[in-house]
Every structure is written in structure tokens, then in C-alpha cells.
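Chain residues, written in single-letter form:
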Amino acid sequence: MANPFPFVAGDVLTAAELNGIGEAWTTYAPTLTQGVALTNTVQYAKYTQVNKLVFVAVSLQITSAGTAGNVIKLGLPITAATGGGTFGTPLGAGGFYDSSATAQYAGTVTQLSTTEAGLLTSLATGGGSLFGQLPGVTAANTDFIFFQFVYQAA
């Protein structure tokens with residue numbers, strides 16, 4: 001069904017248009033990088049768009065190794081409106097499971113650019129840090145990463 005937005009004053013909405021708001025989730029193949037492209041097995045990666053709001057839920061099992069000291073970045077399914085700030089725009093919640101250390105990290109999903117998101121953690125001394133830099137975790141085979149967030153489409 002076509003997106004019924006934007007509504008115009010005086011329009012009469014049909015049942016189909018009303019039912020089309022919040023359509024079914026769409027599967028996507030997110031990119032994941034940490035200095036290099038990370039291969040992964042998608043456990044779950046879907047999004048839906050309602051007007052300018054994009055809702056995203058992702059769970060990936062990493063099957064290759066990243067580059068130490070680099071931020072782990074997730075590709076967005078739809079280009080975002082410009083975000084800003086040193087640590088990006090907060091969007092939601094996420095986490096990372098390091099299988100070799102049996103450690104789990106939680107963080108705030110943050111918009112890094114109009115095409116990528118990352119995790120902001122509070123584990124660094126003196127404040128937050130982009131995950132992968134501090135703590136200096138390197139993504140590796142059998143690690144998991146997950147995100148759930150909402151952002152504004154361009």
C-alpha cells in the first residue's frame with residue numbers, strides 16, 4: 001500500500017489508508033563495520049516507517065573480525081535527517097556480547113551520520129565513549145550486537 005502521508009486538511013481517509021499507517025516490518029540486510037566490513041549472520045533485522053519516523057530492530061551474530069580501536073557502526077535502512085554533536089543524536093538502546101570474554105555491554109544507540117548508527121557507552125573514564133574505541137573491544141567471530149531505535153528520515 002502507498003504511504004498515505006501527508007494528510008491535507010479536509011481529506012477523508014479510507015480504512016485502507018488508516019490501516020496502512022504502521023505497515024508490516026520490512027527485512028533489510030544491514031552493513032556492519034569496525035574499520036573494515038564485518039560479515040554477520042542476521043538473527044533479526046527489520047524496520048518500518050511511519051511518516052518521517054523509522055523504527056529499527058536488529059540482532060546480528062558477527063562472523064569475522066573488526067579492527068581494534070575503531071567504532072562499530074551499523075548501516076541505517078533509510079537515509080536519516082542530519083544528526084549532530086560529538087557523540088551523535090541518541091536514538092534508542094543496544095548492546096554487544098563479547099563471546100570470548102563472556103561479557104555483555106549495554107549502550108545508547110546514537111546517530112553517527114545520515115547513514116550510520118553506533119553505540120555510546122558510559123564505561124569510559126570521565127564520561128561516555130563510542131563503543132569499539134573505549135572500551136577497546138574488537139568485534140570477532142561469534143560475538144553478537146543488537147539495536148532497537150527510532151530516528152527521523154531525511
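Preceding block: the structure.
Residues numbered from 1 in each chain as written. Predicted model: local features only at pLDDT ≥ 70, side-chain atom pairs only at ≥ 80, totals over all residues. Heavy atoms only, no water.

A word on the overall build of the chain
The line we're drawing: The secondary structure listing takes helices from DSSP runs of H or I that are at least 4 residues long and strands from runs of E that are at least 2 residues long, numbered from the N terminus. The contact rule is simple, with two residues in contact once any of their heavy atoms fall within 4.5 Å. Only the protein chains shown count as cover for residues, with accessible areas throughout obtained via the Shrake-Rupley method and a probe of 1.4 Å.
On a plain count of helices and strands, the chain comes out with 1 helix and 10 strands. Moving toward the C terminus, one meets the helices and strands of the chain in the order α-β-β-β-β-β-β-β-β-β-β. Sequence-distant contacts in the chain: of pairs separated by 6 or more residues, those separated by 24 or more amount to 63%. Carbon and sulfur atoms provide 56% of the accessible area of the chain, an area that totals close to 7800 Å².

Notes on the packing of aromatic side chains
Heads up, the rule is: Put simply, two rings from Phe, Tyr or Trp (the six-membered ring, in Trp's case) pair if the centres are within 6.5 Å, and we call them stacked under 30 degrees between planes, edge-to-face over 60, tilted for the rest. Between buried and exposed lies partly exposed: a residue is buried under 20% and exposed over 50% of the maximum accessible area for its type, with that area taken using a 1.4 Å probe on protein chains only.
Inspection of every chain in the model, using the stated rule, returns 5 aromatic pairs. Both rings, one in Tyr28 and one in Tyr47, keep their centres 5.8 Å apart while their planes meet at 85°; by these two values the pair is edge-to-face. Taken together, the positions of Tyr28 in the loop between strand 1 (26-27) and strand 2 (32-33) and Tyr47 in strand 3 (residues 40-50) put the pair 19 residues apart, joining distant regions of the chain. This pair shows no difference in class: Tyr28 is buried, exactly as Tyr47 is.

Regarding the environment of Ser99
Mapped onto the secondary structure, Ser99 falls in the loop between strand 6 (89-98) and strand 7 (103-111). Measuring from C-alpha to C-alpha, the distance between Ser99 and Phe144 comes to 7.8 Å, with 45 residues separating the pair along the chain.

Things to note about the nonpolar core
Selection criterion: The definition of a nonpolar core used throughout is a set of buried Ala, Val, Leu, Ile, Met, Phe, Trp, Tyr and Cys residues joined through side-chain atoms within 4.5 Å.
Counting 30 residues, the largest nonpolar core has Phe96, Ile145, Phe149 and Tyr151 as the members making the most contacts within it. Listing elements by their share of this core, those giving two or more residues are strand 3, strand 4 (53-62), strand 6, strand 7, strand 8 (116-121) and strand 10 (144-152). Among the elements that line this core, the one with the most residues is strand 4, at 5 residues. Discounting residues that sit within four places of it in the chain, Phe149 has contacts with Val54, Phe55, Val56, Leu74, Leu76, Leu91, Gly92, Val109 and Ala117.

What about the pairing of strand 7?
Stated formally: Strands are treated as partners if at least two bridges between them are detected by DSSP.
Bridge count between strand 6 and strand 7: 9 bridges; the pairing is antiparallel. Across the sheet, residue Gly95 finds its bridge partner in strand 7, namely Ala106. In this antiparallel pair of consecutive strands, strand 6 and strand 7, the connection spans 4 residues, and Thr102 shows a positive phi of 45°. Bridge count for strand 7 against strand 8 is 4 bridges, and the pairing is antiparallel. Within strand 8, the position partnered with Gln111 by the bridge is Ala117. The hairpin turn running from strand 7 into strand 8, its antiparallel successor, is 4 residues long.

A short note on a nonpolar patch on the surface
Heads up, the condition is: Nonpolar side chains (Val, Leu, Ile, Met, Phe, Trp, Tyr) are joined into patches within 5 Å and like charges within 9 Å, using only residues with over 30% relative accessible area and no salt bridge. The salt bridge definition used is simple: a Lys or Arg side-chain nitrogen within 4 Å of an Asp or Glu carboxyl oxygen.
A grouping of Phe7, Leu13, Leu18 and Ile21 is seen on the molecular surface, where their side chains present a nonpolar patch of about 300 Å² in accessible area. Its location among the elements puts Leu13 in the segment before helix 1 (15-19).

Quick word on the side chain of Ser64
Using the following cut-off: Each polar contact in these results corresponds to two N or O atoms within 3.5 Å; when the atoms are within protein, one needs to be able to donate a hydrogen and the other to accept it, and residues that are neighboring in sequence are counted only if both atoms are side-chain atoms.
Relative to the assigned elements, Ser64 resides in the loop between strand 4 and strand 5 (73-75). Assessed through its relative accessible area of 19%, Ser64 is described here as buried. In terms of polar contacts, Ser64 uses its side chain to reach the backbone amide nitrogen of Thr39, at 2.9 Å. With residues near it in sequence (within four places) discarded, Ser64 still touches Ala37, Leu38, Thr39, Ala139, Ala140 and Asn141.

Points about the pairing of strand 4
In this structure, strand 3 lies alongside strand 4, joined through 10 bridges in antiparallel fashion. By the bridge assignment, Thr48 is partnered in strand 4 with Phe55. With antiparallel pairing between neighbouring strands as the criterion, strand 3 and strand 4 make up a hairpin whose turn holds 2 residues, including Asn51 at a positive phi of roughly 55°. Taken together, the 9 bridges between strand 4 and strand 10 define a ladder with antiparallel strand orientation. Among the inter-strand pairings, Leu60 is bridged to a residue of strand 10, identified as Ile145.

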